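One-letter residues, chain by chain:
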Amino acid sequence: VCGDRDIILCIPVLCLSPSRCSFCDCRPVEQLPTITAQSPSSLIAFPFDESFPMTCEAKGNPEPEYRWTKNGQEFDPSLDPRLMKEENSGTFVIPNNGNLTEYQGTYRCYASNKLGTAISKEIEFIVPHVPKFPKETLDPVVVEEGQAFVLQCDPPKGIPPLQIYWMTINLQHIEQDERVSMGLNGDLYFSHAVEKDSRRDYCCFAAFPRIRTIVQKTAMSVVVKTSRSNAILERRPSLLTPSGVKSETRLVKGEDLKWECIAEGFPTPQVEWVKMGHQLPVKAKLENHGKLMIVPRVDREDGGKYMCKAKNALGEAVHYFTLMVEEPPEWVAEPESQLGMIGSDVVIKCSAGGTPRPTITWRVNGEPLQGQSVTSLKVFDDTIVLHNAKASDSAVYQCEASNKHGTLLSNANIMIMNLAPMILTKEGEDYSAVEGKGAMMHCSVFSSPPSTIIWSKDDSPESVEGPRFSVHDNGSLEIYGTAKDDAGQYTCLAKNTEGSSAVDAALYVKDPTRIVAAQEDQRILIGAAAQLSCLVEYDKSFSNDFELLWEKDDMAIGLNHTENSRYFVENGVLQILNVSHGDQGVYTCVARTPVDRDAASSRLTVLDVPDAPQYLVLSEHKSKSVKLKWIPGDDHNSSTTEFIIEYEESQWEPGNWKELLRVPGNHNQAVPKLHGHVDYRFRVSAVNAVGRGPPGEPTERYKPPPAAPDKNPDNIKIEGHLPHEMDINWEPLLPIEHNGPGLEYKVSYRRQDEEDWKEDVVKRHSFVVKNTPTFVPYEIKIQARNHQGWGPEPRIVTGYSGEDFPSAAPDDVAVEVVNGSVVKVSWTRVHKDKLHGHLGGYRVNWWRLRSLVNSKKSHGDKRSLAFPGDRDHGTVPGLTPFSEYSLIVMTFNGRGNGPGSHPLTFKTPNPVFRVTDAQRHTVSLLWAPPSEPNGILTGYLLEYQLINDTEEVGPLQPVNISNPNTTKWTLRDLEPVSKYKLYLRSCTMVGCGPTVSEECTTTLETSDVHGGVSTQGWFIGLMCAIALLTLIVLIACFVNRNKGGKYSAVKEKEDLHPDVESQGMNDDTFCEYSDNDEKPLKGSQHSLSREIKAGDSEDSLVDYGDEDVQFNEDGSFIGEYAGRKERKRASAEIKATIQTPA
């Protein structure tokens, strides 16, 4: 039968064995009965169950009829009104009301139709009685002290398992040990009696869990008589159980073996177990103080001879056991249902193994074979042969194999008939296959004799052939390595001597489902979010049937789209939020269509800090060390790199854990060094690449004994704050380094040129030596001690006594001007005899005298800069350009500054104003903002005028620049080959400041000139004329000066080109600022004069000591506009070089 409905039946040939039936043709054909459901071989009527079904269900056509036997006699359930019968079923139900004992017995069900009869296994219905101990009066057990005795339980019979307990009347368990123990039969054995065994309430309780019942035996009394000598006589062992010298046990394979040896004697005997000639089975275990040996699930190898031996100092007693392992019946060849042709020979084989060997019994339609007259049937032990079988030989043949351990029953449906082919596979089935994989098209045929199956394609008369095509015995066509060309219409033709039949099927070849990009293995931190991707290609005809599933450790992941869900899938990507340890595992992406699937797996490894180490114990306690040992915790997939051992002490900082030691991650023990007289407690934590894990549980406290100090003070400092004193300070020992009470320090000191030490003992960590010479070297050592003794020999430290102020100033102080804001200062070092202490360095003090813009004196605040170390130069930044300064240099030590050098006066040059490019009609200018704007800068006033070498000058042209951030400008529409005077002033809301000026000459246009200008004839002639004119003018001036006269033209020239000496600096760079006294030329407007003030300050920066560093005007390390360097000696003025007029 295929399917679960009895009314849908297959052709009997294919459905003789239902598990092999694949395709059904639902036709009402005749079928032998087959038992489909039955009750277990034992059915126990537990008192708490409402009813007890005796199940018997069968299939067949015509519909089977049922009958029952009880204890081998006919039993009709329908005749008993108390039994409930089900329609169209052999099942009846025994209700749990009234006396069930009358239903106890062995039942068997028979299901029959006109073709034959099937029978069920025997079903034993057991009605358990309520177990009870008999009511009895028990005499006290009187025994001499030292003698053995036994309290018998004799539990009532009941449904196993049986559990026995010995307790007092107050339900307190009787204590069992090597002397007192309970046997497998429930008796309580005493190896020898002692006085405390006397009591009146020994109770045996028997428990039957399956029927939920516990019964109690009458309490027993024991009286132990003590001997007058109060001494128990020793005696050799003898066995209380088992009796005799040897015994034999037969067990069914798979049962548990339980043997016991309980001995009496004094002293209490010890029991040993051995297997003769072999080792005890590995799975054997000893219980009940070695008196009970259990071998679970015995098999053939466990069989053999065993011995138990009970012995004490006086002798021994032995018992020999023999174990024989037997087996219930087991099928070797179970009879199979068959379809045979009329006139053929049918062989039915039935073979079973077991120990003892099973007995084979044959039945036909439930009746013993011996009572039937079948001429064509012959029985050969475990085989039946139907010779020249006829249709009337069709029946249900039963084979029963049994021994004392059980029974096997098998029904074989034998059908004898001839039939033309009947194809059971549906017409027009559609099959889908995957390219490159196999395809299977079915053609299930029912016929007798068997049919020949031929497959053809696309109406071709030829059968499909080749190594890729195979027709199986059941008619199915299998195609290996399917190709696109294999798609098409196929026909299955079945024929035998009785006729033929055909059926069509269609094959479609699909593209394979393939995961083209699978997720690689991931390692992710706990609490982070993980993403697992899966990119799939599949046949687009399955767009509506394609599924992408995710599994974890071969279990489907339930995607819960609630707020608390941590799993989300979007576009084939599995997202796991807040990853935990439980998320670790192998994740599989499963791409599935109706015809194939593909899968790819990746491992997600969750990383976390290590778990806390466990079971930290202390051992090997010594005066200055202890051994710590622990079991590492889980490292959570990141190897432990180290363990951190911490300690906490209870005296100075209780509750404050401090690190004591670190050990490599492959160690699980350490021996840290300890200090004496400290009440320690330890704990350990582990570290891996993720981080440090939590600490484990702390140990108990351990306090080493007091000891002398292990070390002396560190960081000894010798200072002299006063000329005739020496201060000695040191870092005191930590409290745990005291190693005991009474800590103090011995201070020893002496001059370096002396031999004798002077000593003082103090408890503080400082000491002052009085009346010392100034700055003299001393040797000092400090040693710790406590009540237990002195620390190790201290090391000697050298220091100096108190310092005094230096008594000399540096000589040969000189200044080199770098630019308008930076100068270099040099000096000659002070001799060490004049320092009177450790040289701290040199200090430069300077102050601004006046601004050179308006010559107004400005006594600025004094500023200072220290240059530590032994050096002879330094760089002073942050000066105000175009100013006059004074400076002094002094040395300093730990006591303070020495006398200053003679003041040195110097001047700083002007800021930058220059021409960057000059063309035929344009001039490009660049300048720096004023260093002292004296307010908010609003812009600049740029003026220019033509000043060719003539007596006349051009008008002054103003350019107002309103953007204060502008620092460059281009003048346009200028005359070619002309000389211009340029003026620049910075402006605020009040007005514009002093003027700075520059001169430039525009160039000649060269765009229309072919070749170099110097090669053109007109240019050479022009230059010659200019040179001649200049020579004439110079001669005239010279003549006039010799006469003592002065031309106005020359005077105007002096206005245009004033003497550089009056500017305070020379102009040897291209387009530098002019002096502040310069006035505009004729026709120009007068400029405003404004005093520039500088803010003075004092600092002690030491970052300007490098000689080659250059600074720009604002003191930054650029040096872009550095001017000419000037140098003067001490007390000398810095003067500009005078230009000689041409």
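Residues numbered from 1 in each chain as written. Predicted model: local features only at pLDDT ≥ 70, side-chain atom pairs only at ≥ 80, totals over all residues. Heavy atoms only, no water.

Going by the annotation in an unreviewed UniProt entry, the name recorded for the chain is Neural cell adhesion molecule L1-like protein, with Cyclopterus lumpus given as the source organism. Annotation of the chain in UniProt includes, under Subunit (unreviewed entry), the sentence "May interact with L1CAM. May interact with ITGB1/ITGA1 heterodimer and ITGB1/ITGA2 heterodimer as well as with ANK3." Note on the chain: under the UniProt heading Catalytic activity (unreviewed entry), the record states "O-phospho-L-tyrosyl-[protein] + H2O = L-tyrosyl-[protein] + phosphate". (UniProt positions renumbered as here; feature names shortened; annotations may be inferred.)

Asks: Any details on the sheet that holds strand β3 (residues 51-54)? Residues and values, ideally.
Replies: The strand order β3-β8-β7 describes an open sheet built from 3 strands, whose pairing is antiparallel. Pairing within the sheet leaves two strands with one partner each, and these edge strands are β3 and β7 (84-85). Examined bridge by bridge, β7 and strand β8 (residues 92-95) share 2 bridges and lie antiparallel to one another. When the bridges of β8 are listed, K85 appears paired with F92. (Pairing = 2+ DSSP bridges. Helix = DSSP H or I, 4+ residues; strand = E, 2+ residues; numbered from the N terminus.)

Asks: Report on the side chain of S221, specifying residues and quantitative values.
Replies: For S221, the location among the structural elements is in strand β19 (residues 220-225). Residue classification places S221 among the buried positions, given a relative accessible area of 17%. The residues touching S221, leaving out its near neighbours within four places in the chain, are P140, V141, R199 and R200. (Buried < 20%, exposed > 50% of the residue type's maximum accessible area, 1.4 Å probe, protein only. Contact = heavy atoms within 4.5 Å.)

Asks: How would you explain unusual backbone geometry if you had to name every residue and give the values?
Replies: In the segment running from N61 into P62, the intervening peptide bond is cis, with an omega of 5°. Along the chain, the position of P62 falls in the loop between β4 (56-61) and β5 (65-70). Put simply, P160 and P161 share a cis peptide bond, and its omega is 5°. Here P161 is to be found in the loop between β13 (149-151) and β14 (163-167).

Asks: Which residues make up the state of the cysteines, and what values do they have?
Replies: Applying the stated criterion across every chain, the model contains 7 disulfides. Sulfur-sulfur distance for the disulfide between C350 and C399 comes to 1.7 Å. Taking the sign of the S-S torsion, about -70° here, the bridge from C350 to C399 comes out left-handed. With C350 in the loop between β30 (346-349) and β31 (351-355) and C399 in strand β36 (residues 395-403), this residue pair connects regions lying 49 residues apart in the sequence. In this structure, C350 and C399 share a single accessibility class: buried. Unpaired in terms of disulfides, C203 finds its nearest cysteine sulfur in C204, a separation of 9.0 Å. With relative accessibility at 0%, the residue C203 sits in the buried group. (Disulfide = S-S within 2.5 Å.)

Asks: Lay out the pairing of strand β23 (residues 262-266) in plain terms, naming residues and giving numbers.
Replies: Counting buried residues along β23, 4 of its 5 residues qualify, which places the element largely inside the surrounding structure. Two elements, strand β20 (residues 235-241) and β23, share 4 bridges in a ladder whose sense is antiparallel. Residue R235 lies in a different strand from β23, and its bridge partner there is F266.

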